[in-house]
Amino acid sequence: MSPSQPLPPRENTLFKRILKCYEQKQYKNGLKFAKQILCNPKFSEHGETLAMKGLTLSCLGRKEDAFEHVRRGLRNDLKSHVCWHVYGLLQRSEKKYEEAIKCYRNALKLDKDNIQILRDLSLLQIQMRDLEGYKDTRYQLLVLRPTQRASWIGYAMAFHLIKDYETALKILEEFRKTQVMVKPFDYEHSELLLYQAMVMKEAGMYDELLMHLDTFEPQIVDKLYISETRAELNLLLENYATAEALYLELLGRNPENWAYYEGFEKSRRPSTEEERLAVYRERAEKTPRAHAPKRLPLNFTTGETFTQLIDRFLRQALHKGIPPLFVTLRKLYCERWKVETIENLVLGYVESMKSCSKFNPADDDSVLEPPTVLLWAYAFLAQHYDYLGNTAKALEYVNTAIEHTPTLIELYVIKTKIYKHAGNVEEAVRCLDEAQSLDTADRYTNSKCAKYMLRANMIKEAEEMCAKFTREGVSAVDNLNEMQCMWFETESMRAYQRLGKWGEALKKCHEVDRHFTEIIEDQFDFHTYCMRKMTLRTYVGLLRLEDILRQHPFYFVSARCAINVYLRLHDKPMTDSEDNENTSSENLDPSELKKLKNKQRKEKKKAQQEKLKQKALQEKKEQHNKAKQAEEVEGPKEEELVPEKLARVSAHVIASNILYYVYRVP
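Cut-off values and rules
- Residues numbered from 1 in each chain as written.
- Predicted model: local features only at pLDDT ≥ 70, side-chain atom pairs only at ≥ 80, totals over all residues.
- Heavy atoms only, no water.
- Helix = DSSP H or I, 4+ residues; strand = E, 2+ residues; numbered from the N terminus.
- Rg over C-alpha atoms; globule rule 2.2 N^0.38 Å.
- Buried < 20%, exposed > 50% of the residue type's maximum accessible area, 1.4 Å probe, protein only.
- Contact = heavy atoms within 4.5 Å.
- Areas by Shrake-Rupley, 256 points an atom, 1.4 Å probe, with all protein chains shown as cover.
- Lys, Arg positive; Asp, Glu negative; His and termini not counted.
- Charge placed at Lys NZ, Arg CZ, Asp CG, Glu CD.
- Salt bridge = Lys/Arg side-chain N within 4 Å of Asp/Glu carboxyl O.
- Polar contact = N/O pair within 3.5 Å; in protein donor to acceptor, adjacent residues only side chain to side chain.
- Core = buried A, V, L, I, M, F, W, Y, C linked by side-chain atoms within 4.5 Å.
- Expected span 1.5 Å × (residues − 1).
- Disulfide = S-S within 2.5 Å.
- Phe/Tyr/Trp six-rings, centres within 6.5 Å; stacked < 30°, edge-to-face > 60°.
- Patch = residues over 30% accessible without salt bridge, like charges linked within 9 Å, V, L, I, M, F, W, Y side chains within 5 Å.
- Axes fitted to C-alpha atoms, helices over the stretch in contact; angles between N-to-C directions.
- Parallel < 35°, antiparallel > 145°, perpendicular 65-115°, else oblique.
- Left-handed = near helix turned anticlockwise from the far one by under 90°.
- Nonpolar A, V, L, I, M, F, W, Y, C, P; charged D, E, K, R; others polar.

1. Comments concerning the overall build of the protein chain
Thought 1: Within the protein chain one finds 36 helices and 0 strands.
Thought 2: Taking 666 residues into account, the globule formula puts the C-alpha radius of gyration at 26 Å, and the protein chain, at 33 Å, lies well above it.
Thought 3: Buried residues in the protein chain amount to 43% of all 666 residues.
Thought 4: Across the protein chain, the fraction of contacts at a sequence separation of at least 24, relative to all contacts at a separation of at least 6, is 59%.
Thought 5: Accessible surface for the protein chain amounts to roughly 36,700 Å². Of this, 51% is attributable to carbon and sulfur atoms.
Thought 6: For the protein chain, the distance from the average site of its 103 positive side-chain charges to the average site of its 99 negative ones is 6 Å.

As structure tokens, then:
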């Protein structure tokens, strides 16, 4: 209670009930108790009661009334930490984090040992990456609550994030010593030990880390991490014999992991091509069904050795019928002679399969190959020639494959890519639409078809295609936006930009920007959760990911599109569409003018029907969200994005929006 405005016992009891109702989300009851206090003329201007009433109103979505009550309460009692704390909570709900931090600091000046205010302040500091301030706040929390695990972990993590590894390890070790009774398979304690290992590894303390793993191996649940880390560290420390044994153990566990083969090869230290090949042949003999030891030697072998290996590899893959065979071998296409070798081999397979159903007429084996071998050979050659830029041959082979098996969807996808690389997007859409019709339940071909439709500027058709897999009762565009389907939005904005629909393009740009902002805001859900559940390594990874989040290609495409559109609007501002129609019709013949008016009339009628349809969908959407909005209102209400309004902005707004995107692209 504020010393400047004390309450008598009865009103003080009511005030405590307000606090309890707020904690239990019984907001209407809280307003009733606040009214009972404020109805008394003696306490009608009681600052803390007004502040709590404002906070309760904020939770009910009445933001203007909330700020009015909180500011009024703060004016009446500037020396109340409750008023400053509540004002900070409101500023945080409006995403004004700098202002919220100022309010929390003012509250701490009046009550420096308030745990809740310190916790709220630390959340904002880690969110804003004020690491020095976060370190100081976590120290205060550790002093006040030295028995809580989160106090120690939070303080250690503050030093870890500012790269003071030595201090972080000291704090973690002191806390670990307090953990006397450790249960078997204790996941949370295991994560603490692995977090210590993570800090040691980043600090370059490899010998200490190996000792740490040896000492606490029985208490660590993640045995795979122990094996991988030991193998990696022994390799770095040049303990090659130990590293080799560890990588052999890992390969026995997962013979398809390319990183394990890389480490195993380094531990064997081969000096020639023959020695490197012997490493993989040894593993291929022990795991004959593994794919990796047969594929990796193709990267470094040469001459006749390469020819023999690739011949064996291609035969097995074509016999088995592996659709991504070309993707697997694409990295070899950086060397021309390897490309020629592969081409000659596959062409030979095709000719031999046509004549005798074998890979080679000279093969002694009397068993004939299945007809699917020829089919997959055609598919491989189509992708091969497409990659080399020979569109005519690529189409010839893919058409031959389709004639062989017209129901194989993968062939139509290959044909689509050939047309795309040749620049014929319309034909690519036709092929994908045909592929999608073969299996309407295939979400992959559905999404690919919608994507290519957008590239062909067929926006409505793409929306209808996506509507097959979106929620009923809501328009496909709204549902995709709700699911943060950014591939659809980035392709849509590019289509609108090509069509000159600047407002629609900007709307999609702003939607993508809001998605990334929302992802950044979602960190708040994990700051306390990860401390409580001890998922510390993942939490640090999350923080580092969020720091570079806007480097994602989706955001870069969106920002570049927005900047280009705003620059265009700055050079050529939007004019009224009616004026454009009048000026364009002045030079038309009477017959052409009549056709134009009929076309405009049909478009207007179609637009009205679409508008009514969208209105009905919007009403359904509002009904769907009504209950959710009534229960909980988080953050400021986002302004509706209206394309016409976005396209008709002043030069000042254009400049500020350009700077907004420029400064956010890394």
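2. A look at the pattern of salt bridges
Thought 1: Counted by the stated rule, this structure contains 31 salt bridges.
Thought 2: A salt bridge links Arg 268 to Glu 244, with the shortest nitrogen-to-oxygen separation between them at 3.7 Å. With Arg 268 in helix H15 (residues 258–268) and Glu 244 in helix H14 (residues 240–253), this residue pair connects regions lying 24 residues apart in the sequence.
Thought 3: Accessibility expressed as a relative area gives 31% for Arg 268, which makes it partly exposed.
Thought 4: Of the charged contacts in the structure, one is a salt bridge between Arg 315 and Asp 311, with a shortest N-O distance of 3.1 Å. Of this pair, Arg 315 and Asp 311 are both found in helix H18 (residues 303–320), 4 residues apart, which corresponds to roughly one turn of the helix.
Thought 5: Among the charged side chains, a network of salt bridges with common partners joins Glu 244, Arg 268, Glu 282 and Lys 286.

3. Focus: the environment of Asn 481
Thought 1: In this fold, Asn 481 is placed in helix H27 (residues 476–482).
Thought 2: With sequence-adjacent residues up to four places away left out, Asn 481 is seen in contact with Glu 489, Glu 511 and His 515.
Thought 3: Separated by 3.1 Å, the side chains of Asn 481 and His 515 make a polar contact.

4. Focus: the nonpolar core
Thought 1: Core analysis: the biggest nonpolar cluster contains 106 residues, and Ile 310, Leu 314 and Leu 329 have the highest contact counts within it.
Thought 2: Leave out the neighbours within four places in its chain, and Leu 314 touches Leu 325, Leu 329, Ile 342, Leu 345, Val 346 and Tyr 349.
Thought 3: Formed by 40 residues, the second largest nonpolar core is a distinct cluster that contains Ala 158, Phe 159, Val 199 and Cys 530.

5. Let's talk about helix H21 (residues 372–387)
Thought 1: Given a rise of 1.5 Å per residue, 16 residues ought to cover 22 Å, and the 23 Å separating the end C-alpha atoms of H21 matches this to within 8%.
Thought 2: With 14 of its 16 residues buried, H21 lies for the most part within the structure.
Thought 3: Immediately beyond the C-terminal end of H21, within one or two residues, lies Gly 389, with a positive phi of roughly 90 degrees.

6. Structural notes on the state of the cysteines
Thought 1: Applying the stated rule across the entire model yields 0 disulfides.
Thought 2: Of all cysteine sulfurs, the one in Cys 103 lies closest to Cys 83, which takes part in no disulfide; the gap is 11 Å.
Thought 3: What makes Cys 83 buried here is its relative accessible area of 0%.

7. Comments concerning the packing of aromatic side chains
Thought 1: In this structure the tally under the stated criterion is 19 aromatic pairs.
Thought 2: Consider the rings of Tyr 280 and Phe 300, whose centres lie 5.8 Å apart with planes at 40 degrees: the pair is tilted. Note that Tyr 280 is positioned in helix H16 (residues 273–286) and Phe 300 in the loop between helix H17 (292–295) and H18, a separation of 20 residues in sequence.
Thought 3: Assessed through its relative accessible area of 14%, Phe 300 is described here as buried.

8. Notes on the side chain of Thr 49
Thought 1: Inspection of the secondary structure assignment puts Thr 49 in helix H3 (residues 47–59).
Thought 2: On the basis of relative accessibility, which here comes to 0%, the residue Thr 49 falls in the buried class.
Thought 3: Among residues more than four places away in sequence, those in contact with Thr 49 are Leu 7, Phe 15, Ile 18, Ala 34, Ile 37 and Leu 38.

9. Description of H18
Thought 1: With 18 residues, H18 should reach 26 Å at 1.5 Å per residue; the first-to-last C-alpha distance of 26 Å fits that figure.
Thought 2: In this structure, the buried side of H18 is in contact with H16, H17, helix H19 (325–329), helix H20 (336–356) and H21.
Thought 3: After H18 finishes, the residue Gly 321 shows a positive phi value of roughly 80 degrees.

10. Considerations on a nonpolar patch on the surface
Thought 1: Together, Leu 659, Val 662 and Tyr 663 make up an exposed nonpolar region whose accessible area comes to about 340 Å².
Thought 2: Among the secondary structure elements, Val 662 is positioned in helix H36 (residues 651–664).

11. Overview of the packing of H15 against H16
Two measures define how a pair of helices packs: the angle their axes make with one another and the distance between the axes.
Thought 1: Between H15 and H16, whose axes approach to 10 Å, the crossing angle comes to 125 degrees. Relative to H16, the element H15 lies oblique. Along this stretch, H15 crosses H16, giving a crossing that reads as right-handed. Here Tyr 261, Phe 264, Glu 265 and Arg 268 of H15 come into contact with H16, specifically with Arg 276, Val 279, Tyr 280, Glu 282 and Arg 283.
Thought 2: Its residues placed into classes, the contact of H15 with H16 shows 4 nonpolar, no polar and 5 charged.

12. Here's the deal with the side chain of Asn 657
Thought 1: Within the secondary structure layout, Asn 657 lies in helix H36.
Thought 2: There is a polar contact of 2.9 Å between the side chain of Asn 657 and the side chain of Tyr 566.

13. Focus: unusual backbone geometry
For residues other than glycine, phi is negative in most cases, and the peptide bonds are mostly trans.
Thought 1: Despite not being glycine, Gln 484 shows a phi value in the positive range, around 55 degrees.
Thought 2: Along the chain, the position of Gln 484 falls in the loop between H27 and helix H28 (486–499).
Thought 3: Phi is positive for Met 534, which is not a glycine, with a value near 65 degrees.
Thought 4: Tracing the chain through its elements places Met 534 in the loop between helix H30 (524–533) and helix H31 (536–547).
Thought 5: Of the residues examined, Met 534 reaches a relative accessible area of 1% and is grouped as buried.

14. Looking at the environment of Glu 369
Thought 1: Looking at the secondary structure, you find Glu 369 in the loop between H20 and H21.
Thought 2: Note: C-alpha distance between Glu 369 and His 319 (50 residues apart in sequence) is 7.3 Å.
Thought 3: A distance of 2.6 Å separates a polar atom in the side chain of Glu 369 from a polar atom in the side chain of His 319.

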